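Descriptive structure summary
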Amino acid sequence: MAKVAFLGLGVMGYPMAGHLKNKGGHDLTVYNRTAAKSEKWAAQHGGAHKPTPKEAAAGQDFVMCCVGNDADLRAVTLGPDGAFAGMAKGAVFVDHTTASAEIARELYAQAKTRGFDCIDAPVSGGQAGAENGALTVMCGGEAEPYARAEKVIAAYARMCKLLGTPGAGQLTKMVNQICIAGLVQGLAEGIHFAKKAGLDVEAVIETISKGAAQSWQMENRYKTMMAGKFDFGFAVDWMRKDMSICLGEARKNGANLPVTALVDQFYAEVQKMGGRRWDTSSLLARLER
């Protein structure tokens, strides 16, 4: 059992913190920008809650974080009430936010000057993965603190791997989102084409999902896509944030991402259709306007 703080109790962080307490058996303290959410979590799970990140982080072995973007991350870590002001020497900060590689390296450098460690550890698996404790966790940082953190992360992960130096976790999450973007667009176009061709889409998917076209998106999203229901996962607004990070990094490293850039614009059209909170499979709705 470790002493752990969890900062950020959104749709991902709330169940992740719950797994740390109930499955991992850790001593949990939580912080959320909206205090009512922290109070609700503590009442439900029996942990403690604190009014600032600094107070939540004080005296903890590990401080886990899952917030919205680079700006949110700086707000919760740096400054007089930030977590870094309260963390003990030798502790480990584990950031599950999907953010830039730049801020991952910035926070790593800040942590080292203060005598503790920092792992960037974005996740994949969405809300369902968080609730089921089956997330994929992509990490960047040093081997020794990672090895300590991995045992704690195991409470909500089915896969966790150190992929390189600070920032490597965030870069790997970018690869993840790049791959998903093309897959979802391909699936949307395939379903759209099958409909226009007068095929039995259910029978088509049942057949091709047993071959080379099979994907997680096909297995888990085609039925809801067929039903015109787009409330089953990662929101379009979040995907556009992630794709902006991918495209920004590509401009720095010279990677050529034509499909990613195109699908990003398709998601912009979905936003204009009122689909900001629809899940990423809503690319089909754009084709069927």
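Preceding block: the structure.
First, a word on scope: everything that follows refers to the structure included in this document.

What to know about the sheet that holds strand 2 (residues 27-31)
- Strand order in this open sheet of six strands is 3-2-1-4-5-6, and the pairing throughout is parallel. Edge strands, defined here as strands with exactly one partner in the open sheet, are strand 3 (48-49) and strand 6 (117-120).
- Relative to strand 4 (residues 62-65), strand 1 (residues 3-7) runs parallel, the two sharing four bridges. Across the sheet, the residue bridging to L7 is C65, located in strand 4.

Overview of helix 7 (residues 143-153)
- Of all the positions in helix 7, only P145, Y146, A149, V152 and I153 are classed as buried. The buried residues of helix 7 occupy an angular sector of 115° when projected down its axis, which confines them to one face. Facing away from the buried surface of helix 7 by more than 90 degrees, the exposed residues are A143 and K151.

Looking at the pairing of strand 2
- Taken across its five residues, strand 2 has four buried, putting it largely inside the fold.
- With five bridges connecting them, strand 1 and strand 2 associate as parallel partners. Across the sheet, the residue bridging to F6 is V30, located in strand 2.
- With helix 1 (residues 13-22) bridging strand 1 and the parallel strand 2, this β-α-β connection has right-handed handedness.
- As for the winding sense of the linkage, the β-α-β connection from strand 2 through helix 2 (residues 35-45) to strand 3 is right-handed.

Looking at helix 4 (residues 70-77)
- Buried within helix 4 we find D70, L73, V76 and T77. Buried residues along helix 4 cover an arc of 130° about the axis, so they all sit on one side. Among the exposed residues of helix 4, those oriented more than 90 degrees off its buried face are A71 and A75.
- Packed against the buried residues of helix 4 are strand 1, strand 2, helix 3 (53-57), strand 4, strand 5 (92-95) and helix 5 (101-114).
- You can read the cap of helix 4 off the contacts: a side-chain oxygen lies 3.1 Å from the backbone nitrogen of A71, and it is on N69.
- At the C-terminal side of helix 4, G79 shows a positive phi close to 95°.

Topic: the packing of helix 4 against helix 5
- For the pair helix 4 and helix 5, the least separation of the axes is 10 Å and the interaxial angle reads 15°. The angle between the axes of helix 4 and helix 5 places the two elements in the roughly parallel class. The two elements helix 4 and helix 5 cross, and the hand of that crossing is right-handed. On the side of helix 4, the interface is formed by D70, L73, R74 and T77, while helix 5 contributes I103, E106 and L107.

About the cut-offs
- Residues numbered from 1 in each chain as written.
- Predicted model: local features only at pLDDT ≥ 70, side-chain atom pairs only at ≥ 80, totals over all residues.
- Heavy atoms only, no water.
- Pairing = 2+ DSSP bridges.
- Helix = DSSP H or I, 4+ residues; strand = E, 2+ residues; numbered from the N terminus.
- Buried < 20%, exposed > 50% of the residue type's maximum accessible area, 1.4 Å probe, protein only.
- Arc of directions from axis to C-beta.
- Right-handed = clockwise from strand over helix to strand, strands pointing away.
- Contact = heavy atoms within 4.5 Å.
- Polar contact = N/O pair within 3.5 Å; in protein donor to acceptor, adjacent residues only side chain to side chain.
- Axes fitted to C-alpha atoms, helices over the stretch in contact; angles between N-to-C directions.
- Parallel < 35°, antiparallel > 145°, perpendicular 65-115°, else oblique.
- Left-handed = near helix turned anticlockwise from the far one by under 90°.

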